[in-house]
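Letter by letter, the chains look like this.
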Amino acid sequence: MDALECINSRRSIRKYKNKTIPSGIVRKLIIAGMNAPSAYNSQPWIFILIKNQKTKNIIIEAKGGSQFIMKAPLIIACCYDENKSPDKYHNIENVSLAAENILLAAHVLRLGACYIGAFDPENLKVEKKISEALNLPKNVHLVSLISIGYPDELPKSKKMKKYSEVIRIEHY
Ligand SMILES: Cc1cc2nc3c(=O)[nH]c(=O)nc-3n(C[C@H](O)[C@H](O)[C@H](O)COP(=O)(O)O)c2cc1C
C-alpha cells in the first residue's frame, strides 16, 4: 500500500478481534506518532498505552458511550506535556498530527483504529475524569484516545463531500 492509498482508504474501525498486538508493532505505531511535525520541533507528546479493563471502563463512563473501547486490545491516550512546549497554542495541533500518523500507521500495518475525542473545552469533565484515571500530572494534558486492534469488521462506507464543495481558487 503506498502512502496515498493508505491515507485515502483509512477508515474508523470499532470492532476488534480478541488478539493482542505484539509489542514490536505497538512500538512502530508510537514511532509513527513521534515522526509527526510539531511547532518548533518541540515534540511535546506523551503516549499512554492502556490495556487495563478498569481504565477502559472509566473512559466509557466519562465519555458516556463508545462501548467498543472495552473490546479494543489497546487504547493509546495522546497527551502533551506543557513544560515541553515553548508555547501553549500549538499543542492540540501537535498531538493531533501525531494521532493521525498513528491512525495511518495502524492502517498500513493492517490494524483497525478509531480516533476518539477526549478533549472538549465546553465539557472539561470528560478530560478530567480520564486524566485522573491515568494519573496525569498537572502539566500533562489529554487530547485524544485511539482504540486499536485487529479488525473484525469491514469499514462502513462514508459519505464524502464533493471536491467542488471544499475547493476555492485564490480566494473564497
Ligand atoms: C475530533 C474527533 C473526535 C471523534 N470522536 C469519536 C468518538 O468519540 N467516538 C467514535 O466512535 N468516533 C469518534 N471519531 C471518529 C469519527 O466518527 C470518524 O472519523 C468519522 O465518522 C469519519 O469516519 P472515518 O474515520 O471512517 O473516515 C472522532 C473523530 C474526530 C476527528
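Relevant structure appears above.
What you are looking at is a predicted structure, and each value in this text was computed from that prediction instead of being measured.

Rules used in this analysis
Residues numbered from 1 in each chain as written. Predicted model: local features only at pLDDT ≥ 70, side-chain atom pairs only at ≥ 80, totals over all residues. Heavy atoms only, no water. Pairing = 2+ DSSP bridges. Helix = DSSP H or I, 4+ residues; strand = E, 2+ residues; numbered from the N terminus. Axes fitted to C-alpha atoms, helices over the stretch in contact; angles between N-to-C directions. Contact = heavy atoms within 4.5 Å. Near = heavy atom within 4 Å. Polar contact = N/O pair within 3.5 Å; in protein donor to acceptor, adjacent residues only side chain to side chain. Areas by Shrake-Rupley, 256 points an atom, 1.4 Å probe, with all protein chains shown as cover. Core = buried A, V, L, I, M, F, W, Y, C linked by side-chain atoms within 4.5 Å. Buried < 20%, exposed > 50% of the residue type's maximum accessible area, 1.4 Å probe, protein only. Phe/Tyr/Trp six-rings, centres within 6.5 Å; stacked < 30°, edge-to-face > 60°. Lys NZ or Arg CZ within 6 Å of the ring centre and 35° of its normal. Patch = residues over 30% accessible without salt bridge, like charges linked within 9 Å, V, L, I, M, F, W, Y side chains within 5 Å. Salt bridge = Lys/Arg side-chain N within 4 Å of Asp/Glu carboxyl O.

Novice: Can you break down the sheet that holds strand 2 (residues 74-81) residue by residue, with the values?
Specialist: Strands belonging to one sheet form pairs held by backbone hydrogen bonds; the direction of such a pair is parallel or antiparallel. Pairing is antiparallel across the open sheet formed by four strands, whose spatial order is 1-2-4-3. With partners counted over all chains shown, the strands left at the sheet margins are strand 1 (45-50) and strand 3 (112-117), one partner each. Across the sheet, the mean angle separating the axes of adjacent strands is 25 degrees when strand polarity is ignored. The pairing of strand 3 with strand 4 (residues 140-149) spans six bridges and is classified as antiparallel. The residue bridging G112 from the neighbouring strand is G149, located in strand 4. Here helix 2 (residues 23-34) sits on the sheet and contacts strand 1, strand 2 and strand 4; the angle it forms with strand 1, its principal contact strand, is near 160 degrees.

Novice: Before we move on, can you summarise the site of the ligand with the specific residues and values?
Specialist: As a structural note, the neighbourhood of the ligand is formed by R10, R11, S12, R14, K63, S66, F68, C114, Y115, I116, G117 and K158. Contacts to the ligand include S12, whose side-chain N or O atom sits 2.6 Å from an oxygen atom. Note that an oxygen atom of the ligand is positioned 3.0 Å from one of the side-chain N or O atoms of K63. Protein contacts shield 56% of the accessible area of the ligand, which totals 620 Å² for the unbound molecule.

Novice: Describe the side chain of N91, naming the residues involved and giving the relevant values.
Specialist: Looking at the element boundaries, N91 is found in helix 4 (residues 91-108). A distance of 2.9 Å separates polar atoms of two side chains, one belonging to N91 and the other to S85. Excluding its chain neighbours within four sequence positions, the residues that come into contact with N91 are P44, Y80 and S85.

Novice: Explain the nonpolar core residue by residue, including any values.
Specialist: Grouped together as the largest cluster of nonpolar side chains are 25 residues, with contacts concentrated most on F47, I76, I146 and I148. Sorting the residues of this core by element identifies helix 2, strand 1, strand 2, helix 4 and strand 4 as the ones contributing at least two each. At seven residues, helix 4 tops the list of elements feeding residues into this core. With sequence-adjacent residues up to four places away left out, I146 is seen in contact with L74, I75, I76, C78, A99, I102, L103, A113 and C114.

Novice: Report on the packing of aromatic side chains, specifying residues and quantitative values.
Specialist: Under the counting rule described, the total for this entry stands at one aromatic pair. With 6.4 Å between their ring centres and 25 degrees between their planes, W45 and F47 make a pair best called stacked. In this arrangement the basic side chain of K19 is found over the ring face of Y150, its NZ or CZ atom lying 4.2 Å from the centre. Over the face of the ring belonging to Y172 we find R168, whose NZ or CZ atom lies 4.5 Å from the ring centre.

Novice: Tell me about a nonpolar patch on the surface, and please be specific about residues and values.
Specialist: The grouping of Y163, V166, I167 and I169 at the surface amounts to a nonpolar patch, some 460 Å² of accessible area in total. Of note, I167 is situated in the segment after helix 6 (163-166).

Novice: I'd like a description of the pairing of strand 2, backed by residues and values.
Specialist: Of all eight residues in strand 2, eight are buried; the element is thus mostly enclosed. Along strand 2, one buried face is formed by L74, I76, C78 and Y80 and the opposite face, lined by I75, A77, C79 and D81, is buried too. In terms of strand pairing, strand 1 meets strand 2 through six bridges, oriented antiparallel. Counted as the bridge partner of L49 is I76 from strand 2. Across eight bridges, strand 2 lies against strand 4 in antiparallel orientation. Considered in strand 4, the bridge of A77 is made with L145.

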